[in-house]
2 protein chains.
Amino acid sequence: MVDNSPRVAILNHMVQNRSSRTLDRIFHALAHPARRAILHRLARGEQNLTQLAAPLRMSFPAASKHVRVLERARLVRRLVSGRTHLCRIEARPLAEADAWLETYRRIWEQNFDRLDELLEEMKSPQKPTNPQSAKGKQP
Amino acid sequence: MVDNSPRVAILNHMVQNRSSRTLDRIFHALAHPARRAILHRLARGEQNLTQLAAPLRMSFPAASKHVRVLERARLVRRLVSGRTHLCRIEARPLAEADAWLETYRRIWEQNFDRLDELLEEMKSPQKPTNPQSAKGKQP
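Procedures and definitions
- Here the residue numbers are simple positions, counted from 1 along each chain's written sequence.
- Here chains are named by letter from A upward and ligands by number from 1 upward, in the order in which they appear as written.
- Owing to the predicted nature of the model, reporting of local features is limited to residues with pLDDT of at least 70; listing and counting of side-chain atom pairs is limited to 80 or more, with chain, interface and lining totals taken over all residues.
- As a convention, hydrogens and water are excluded, and side-chain values are obtained from all of the structure's heavy atoms.
- Any carboxyl oxygen of Asp or Glu within 4 Å of a side-chain nitrogen of Lys or Arg constitutes a salt bridge here.
- Helix and strand definitions follow DSSP, with helices as H or I runs of at least four residues and strands as E runs of at least two, each counted in order from the N terminus.
- Partly exposed describes any residue whose relative accessible area lies between the buried limit of under 20% and the exposed limit of over 50%, with all areas from a 1.4 Å probe on protein chains only and scaled to the type maximum.
- Residue contacts are defined here by distance: any two heavy atoms, one from each residue, within 4.5 Å place the two residues in contact.
- We define buried area as the total accessible area lost by two parts upon association, computed with a 1.4 Å probe and summed across both.
- Polar contacts, as used here, are pairs of N or O atoms within 3.5 Å; protein pairs need one atom able to donate a hydrogen and one able to accept it. Residues neighboring in sequence count only if both atoms are side-chain atoms.
- To line up the copies, we fit them by least squares on C-alpha atoms, keeping just the residues with pLDDT of at least 70 in both.
- Strand pairing is defined by DSSP finding a minimum of two bridges between the two strands.
- Convention adopted: a line fitted to C-alpha atoms gives each axis, helices being fitted over their contacting stretch, and angles between N-to-C directions are expressed from 0 to 180 degrees.
- A pocket, in this scheme, is an open set of points on a 1 Å grid over the protein atoms alone with protein on both sides within 12 Å along at least 5 of 7 lines, while a cavity is a set where a 1.4 Å probe fits but cannot get out; residues line either one if an atom lies within 4 Å of a point.
- Grid points are joined across faces, edges and corners, and a volume is the space filled by probe spheres set on the points.
- Lys, Arg, Asp and Glu make up the charged group, whereas Ala, Val, Leu, Ile, Met, Phe, Trp, Tyr, Cys and Pro make up the nonpolar group; the residues left over, Gly among them, are polar.

### Comments concerning the pattern of salt bridges
Part 1: Tallying each qualifying case throughout the model produces 14 salt bridges over all chains.
Part 2: B:Asp24 is the salt-bridge partner of A:Arg36, the closest N and O atoms lying 2.8 Å from each other. Within this pair, whereas A:Arg36 is found in helix H3 (residues 33–42), its partner B:Asp24 is found in helix H2 (residues 20–30), the two belonging to separate chains.
Part 3: The class for B:Asp24 is buried, based on a relative accessible area of 9%.
Part 4: Among the salt bridges present, the one from B:Glu46 reaches B:Arg88, with a minimum N-O distance of 2.7 Å.

Below is the structure:
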């Protein structure tokens, strides 16, 4: 059955038309532990820049620079209200990264299938290599 | 039902123990169109360095450098046989990137749910805003 839901149509459109530059920015944004930590905390709720910078072992300007990298990848949105800069996670671009990875799922699944077989063989109790022929040799 | 298959045990172990540095390397490797193009071609089969470099609009040393970035992320394995350097995709680290993204799936799915509702509303034929009250106003 072909799924024609708006969600699938949007995802297909995203996959077919996603610019290479967009994926560059998303993957680059995810390639630093401080930026992944920021996303992890924003997933629980909005925080301002001071709150976000506090637990990171770096200067405020350094933390702010990481937030800008996340903004360029459209993974974080900054809502400015007076002197408060509130940050919010925008997880939708991660669906694009996920769609890109999906192409390779078949390959790593095959890797795991082979590993599963190997582990099952190792787990099963040791048996004589060929019980039939061993039996045949009994008097 | 709890899935206790070796595959799930391995994936859980990977997610819990994956080093931050490993994820840095994987996401950094994916953050360049030339490196994604190399993976795309290796997904169809092994190629040597000359074959990989040919369609990339860059020098052979530049292409070779991109392959090294993929090797550091353990996404590509180089099999040296005499003067031939055959490259093979190793997709398993992509499962780690996928497992990291999985944590955020709930958030982007919620985004899409809201978008689905909006699109369905836009698709449905326009109705009077409040037919009941309009009827009541008729003489």
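### Considerations on H3(A)
In an α-helix, one turn spans 3.6 residues, which is why side chains three or four residues apart end up on the same side.
Part 1: Along H3(A), seven of the 10 residues are buried, which leaves the element largely enclosed by surrounding structure.
Part 2: All of the buried residues in H3(A) are A:Ala34, A:Arg35, A:Arg36, A:Ile38, A:Leu39, A:Arg41 and A:Leu42.

### Side note on the interface of chain A and chain B
Part 1: Taken together, the contacts link 40 residues of chain A with 40 residues of chain B.
Part 2: For the pair chain A and chain B, the two sides together bury roughly 3900 Å², of which 65% comes from carbon and sulfur.
Part 3: For the pair chain A and chain B, the number of links is four salt bridges.
Part 4: The interface formed by chain A and chain B includes eight residue pairs in polar contact (both at pLDDT 80 or more).
Part 5: Broken down by secondary-structure element, the contributors of at least two residues to the side of chain A that touches chain B are helix H1 (6–17), helix H2 (20–30), H3 and helix H6 (92–123) of chain A.
Part 6: It is H6(A) that provides the largest number of residues to the side of chain A that touches chain B, a total of 20 residues.

### Considering the side chain of A:Arg36
Part 1: Judged by its relative accessible area of 7%, A:Arg36 is buried.
Part 2: Engagement of the side chain of A:Arg36 in a polar contact is seen with the backbone oxygen of A:Leu30, the distance being 2.8 Å.
Part 3: For A:Arg36, the contacting residues outside a window of four places in its chain are A:Leu30, A:Ala31, B:Ser20, B:Leu23, B:Asp24, B:Phe27, B:Trp100 and B:Tyr104.

### Points about the relation of the copies chain A and chain B
Mapping one chain copy onto the other needs a rotation about an axis and a shift along that axis.
Part 1: Each copy of the sequence occupies a distinct position, and chain A is placed on chain B by a rotation of 180 degrees and an axial shift of 0.0 Å, giving an RMSD of 0.1 Å. Such a combination of turn and shift is consistent with a two-fold rotation axis. In terms of proximity to the rotation axis, the leading residue of chain A is A:Phe27, whose C-alpha is 2.6 Å off the axis.
Part 2: Both copies contact each other with a shared surface, as 100% of the interface residues of chain A are interface residues in chain B too.

### Some points on the sheet that holds strand S3 (residues 84–89) of chain A
Residues and elements named next belong to chain A.
Part 1: Taken together, three strands build an open sheet; the order of strands is S1-S3-S2 and the sheet is antiparallel. Because the sheet does not close on itself, it has two edges, and the strands there are strand S1 (47–48) and strand S2 (76–81).
Part 2: In this sheet, S3 lies alongside S2 in antiparallel orientation, the contact comprising six bridges. Counterpart to valine 76 in the pairing with S3 is isoleucine 89.
Part 3: The sheet strands contacting H3 are S1, S2 and S3, and the helix crosses S3 at an angle near 90 degrees.
Part 4: The sheet contacts of helix H5 (residues 60–72) involve S2 and S3, and relative to S2 the element is tilted by about 115 degrees.

### Quick look at the layout of surface pockets
Residues and elements named next belong to chain A.
Part 1: Each pocket or cavity is described by its volume, and for the largest pocket that value is around 240 Å³.
Part 2: Thr22, Ala73, Arg74, Pro93 and Glu96 are the residues nearest the centre of the largest pocket, which is lined by 14 residues in total.
Part 3: Elements with a minimum of two residues in the lining of the largest pocket: H2 and H6.
Part 4: For the lining of the largest pocket, the element with the most residues is H2, which contributes four residues.
Part 5: Looking at the lining of the largest pocket residue by residue, the classes come out as four nonpolar, two polar and eight charged.

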